[in-house]
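Descriptive structure summary
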Amino acid sequence: MTPQDMARIHTAAFVHDRAWTAQEIADLLASPFVTYLGEPHGFALTRLIAGEAELLTLAVDPAAQRQGIGRRLLQRWMDGLEAQADTAFLEVAADNTAAIALYTSAGFRQTATRSGYYQRKDTPSVDALILSRQFTHG
């Protein structure tokens, strides 16, 4: 999947937010710390630095949502972290109930809030919930 494909999916998946451009995605992919996980209609970008993993974005084309793509991408990311990370975290919009349900079902718990973090195009800004999960090695 090209950065242009990812930008198209990101734009479709996050209609109320400023979508990421193909150039921004390409710049992230150039980092040795960023990993791409993909499926035909969705992708995730993650970062791992010094035992701390971050889900930068997970986007699924709206026409393909509710088919398990997001769950598979999330699980692939977490499966790869068991021996590499102590903590994983992500940010999610407080009004994105489907994503919050997905992340909490995978063991993530809210640890903080960023007030008004997501600036919306046509509606008031929305808080970002910071969710995290600890990994035990063993």
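Quick look at the structure, then. (Residues numbered from 1 in each chain as written. Predicted model: local features only at pLDDT ≥ 70, side-chain atom pairs only at ≥ 80, totals over all residues. Heavy atoms only, no water.)

1. Some points on the pairing of strand β2 (residues 42-49)
Where we set the bar: When DSSP locates at least two bridges between a pair of strands, those strands are taken to pair. Runs of H or I in DSSP of at least four residues are treated as helices and runs of E of at least two as strands, each being numbered from the N terminus.
In this sheet, β2 lies alongside strand β1 (residues 34-39) in antiparallel orientation, the contact comprising 6 bridges. Residue pairing for β2: Val34 is matched across the bridge by Arg47. Here β1 folds back onto β2 in antiparallel fashion, the turn holding 2 residues. Across 8 bridges, the pairing between β2 and strand β3 (residues 52-60) is antiparallel. Among the inter-strand pairings, Arg47 is bridged to a residue of β3, identified as Glu54.

2. Details of the pattern of salt bridges
Side-chain pairs of opposite charge can arise where the charged atoms are in close proximity. Quick note on the threshold: Every case where a carboxyl oxygen of Asp or Glu lies within 4 Å of a side-chain nitrogen of Lys or Arg is listed as a salt bridge.
As enumerated under the stated definition, the model contains 7 salt bridges in all. The shortest N-O distance in the salt bridge between Asp17 and Arg120 comes to 2.6 Å. A residue pair is termed long-range when its members are at least 10 positions apart, and Asp17 in the loop between α1 (3-13) and α2 (22-29) and Arg120 in the loop between β5 (109-118) and β6 (126-134) qualify at 103 residues. Between Glu54 and Arg47 there is a salt bridge, with the nearest N and O atoms lying 3.1 Å from each other. Look at the salt bridges and you will find they share partners, linking Asp17, Asp95 and Arg120 into a network.

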